Amino acid sequence: MNSGKETITVRVNVEVAPEALEAIVDAVREMAGKDDRGRYQVDAADAVGALISRFLGEKDFQAYAKDPENYEGGVFE
(Lines give C-alpha, C1' and ligand atoms only; values in the text may rest on other atoms or scores of the structure.)
Protein backbone atom coordinates (compact mmCIF):
# COMPACT_ATOMS: atom_id res chain seq x y z
CA MET A 1 0.00 0.00 0.00
CA ASN A 2 2.97 2.29 0.38
CA SER A 3 2.73 4.61 -2.61
CA GLY A 4 4.95 7.29 -1.18
CA LYS A 5 2.47 8.05 1.59
CA GLU A 6 3.29 7.43 5.21
CA THR A 7 1.67 4.23 6.48
CA ILE A 8 1.53 2.19 9.66
CA THR A 9 1.09 -1.54 10.11
CA VAL A 10 -2.12 -2.58 11.85
CA ARG A 11 -2.71 -6.18 12.94
CA VAL A 12 -6.37 -7.10 12.54
CA ASN A 13 -8.67 -10.05 12.00
CA VAL A 14 -10.22 -9.99 8.54
CA GLU A 15 -13.00 -12.20 7.24
CA VAL A 16 -12.37 -13.53 3.74
CA ALA A 17 -14.02 -16.24 1.72
CA PRO A 18 -12.17 -19.57 1.91
CA GLU A 19 -11.89 -19.52 -1.88
CA ALA A 20 -10.01 -16.21 -1.73
CA LEU A 21 -7.54 -17.58 0.81
CA GLU A 22 -7.06 -20.73 -1.25
CA ALA A 23 -6.40 -18.62 -4.36
CA ILE A 24 -3.74 -16.61 -2.53
CA VAL A 25 -2.03 -19.71 -1.15
CA ASP A 26 -2.05 -21.39 -4.57
CA ALA A 27 -0.63 -18.29 -6.27
CA VAL A 28 2.22 -17.71 -3.80
CA ARG A 29 3.13 -21.38 -3.76
CA GLU A 30 3.31 -21.41 -7.54
CA MET A 31 5.48 -18.28 -7.55
CA ALA A 32 7.79 -19.52 -4.79
CA GLY A 33 8.13 -23.12 -5.92
CA LYS A 34 9.36 -25.96 -3.74
CA ASP A 35 12.73 -26.22 -2.05
CA ASP A 36 15.04 -29.22 -2.40
CA ARG A 37 12.99 -31.12 0.20
CA GLY A 38 9.71 -30.50 -1.62
CA ARG A 39 8.41 -27.88 0.79
CA TYR A 40 7.13 -24.43 0.00
CA GLN A 41 9.18 -21.66 1.59
CA VAL A 42 6.55 -18.93 1.58
CA ASP A 43 4.48 -17.23 4.28
CA ALA A 44 0.87 -17.18 3.14
CA ALA A 45 -0.12 -14.78 5.94
CA ASP A 46 2.40 -12.22 4.69
CA ALA A 47 0.99 -12.63 1.19
CA VAL A 48 -2.56 -12.07 2.44
CA GLY A 49 -1.48 -8.92 4.26
CA ALA A 50 0.39 -7.57 1.24
CA LEU A 51 -2.50 -8.29 -1.11
CA ILE A 52 -5.07 -6.65 1.17
CA SER A 53 -2.80 -3.63 1.70
CA ARG A 54 -2.37 -3.24 -2.04
CA PHE A 55 -6.12 -3.53 -2.59
CA LEU A 56 -6.86 -0.91 0.08
CA GLY A 57 -4.37 1.49 -1.47
CA GLU A 58 -5.71 1.04 -4.98
CA LYS A 59 -9.35 1.36 -3.90
CA ASP A 60 -8.73 4.51 -1.78
CA PHE A 61 -9.56 3.09 1.63
CA GLN A 62 -8.64 6.45 3.16
CA ALA A 63 -11.60 8.13 1.47
CA TYR A 64 -13.85 5.23 2.42
CA ALA A 65 -12.79 5.51 6.06
CA LYS A 66 -13.50 9.25 6.11
CA ASP A 67 -17.13 8.78 4.97
CA PRO A 68 -19.38 8.57 8.08
CA GLU A 69 -22.04 6.68 6.13
CA ASN A 70 -19.70 3.68 5.91
CA TYR A 71 -19.96 3.23 9.67
CA GLU A 72 -23.70 2.59 9.63
CA GLY A 73 -25.21 -0.86 9.55
CA GLY A 74 -23.31 -2.96 12.02
CA VAL A 75 -19.69 -1.85 12.09
CA PHE A 76 -19.77 -1.60 15.87
CA GLU A 77 -22.33 -4.32 16.60
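Digging into the environment of Ala45
Looking at the secondary structure, you find Ala45 in helix α2 (residues 44–58). Between the C-alpha atoms of Ala45 and Val12, which are 33 residues apart in sequence, the distance is 12 Å.

Quick look at the packing of aromatic side chains
This model, assessed by the stated rule, comprises one aromatic pair. On the numbers, 6.2 Å between centres and 25° between planes, the contact of Phe61 with Tyr64 is stacked. Taken together, the residues Phe61 and Tyr64, both in helix α3 (residues 61–66) and three residues apart, mark about one turn of the helix.

What about a negative patch on the surface?
Together, Glu19, Glu22, Asp26 and Glu30 make up a region of like negative charge exposed at the surface. Mapped onto the elements, Glu19 comes out in helix α1 (residues 18–32). According to the relative accessible area criterion, Glu19 is exposed, its value standing at 58%.

Description of the pattern of salt bridges
Following the criterion strictly, the structure yields one salt bridge and no others. For the salt bridge of Glu58 with Arg54, the shortest nitrogen-to-oxygen distance reads 3.0 Å. With Glu58 and Arg54 both in helix α2 and four residues apart, this pair spans about one turn of that helix. The exposure class of Arg54 is exposed, given its relative accessible area of 53%.

Quick look at the packing of α1 against α2
For the pair α1 and α2, the least separation of the axes is 10 Å and the interaxial angle reads 110°. Relative to α2, α1 is oriented roughly perpendicular. You can see that α1 and α2 cross each other, and the crossing is right-handed. Note on element contacts: α2 touches α1 through Ala44, Ala47, Val48 and Leu51, opposite Leu21, Ile24, Val25 and Val28. Residues belonging to the contact of α1 with α2 are distributed by class as follows: eight nonpolar, no polar and no charged.

Remarks on unusual backbone geometry
Of note in this structure, Asp60 is not a glycine but carries a positive phi near 55°. In this structure, Asp60 sits in the loop between α2 and α3. Look at Asp60 and you get partly exposed, because its relative accessible area is 41%.

How each quantity is defined
Residues numbered from 1 in each chain as written. Predicted model: local features only at pLDDT ≥ 70, side-chain atom pairs only at ≥ 80, totals over all residues. Heavy atoms only, no water. Helix = DSSP H or I, 4+ residues; strand = E, 2+ residues; numbered from the N terminus. Phe/Tyr/Trp six-rings, centres within 6.5 Å; stacked < 30°, edge-to-face > 60°. Patch = residues over 30% accessible without salt bridge, like charges linked within 9 Å, V, L, I, M, F, W, Y side chains within 5 Å. Areas by Shrake-Rupley, 256 points an atom, 1.4 Å probe, with all protein chains shown as cover. Salt bridge = Lys/Arg side-chain N within 4 Å of Asp/Glu carboxyl O. Lys, Arg positive; Asp, Glu negative; His and termini not counted. Charge placed at Lys NZ, Arg CZ, Asp CG, Glu CD. Buried < 20%, exposed > 50% of the residue type's maximum accessible area, 1.4 Å probe, protein only. Axes fitted to C-alpha atoms, helices over the stretch in contact; angles between N-to-C directions. Parallel < 35°, antiparallel > 145°, perpendicular 65-115°, else oblique. Left-handed = near helix turned anticlockwise from the far one by under 90°. Contact = heavy atoms within 4.5 Å. Nonpolar A, V, L, I, M, F, W, Y, C, P; charged D, E, K, R; others polar.

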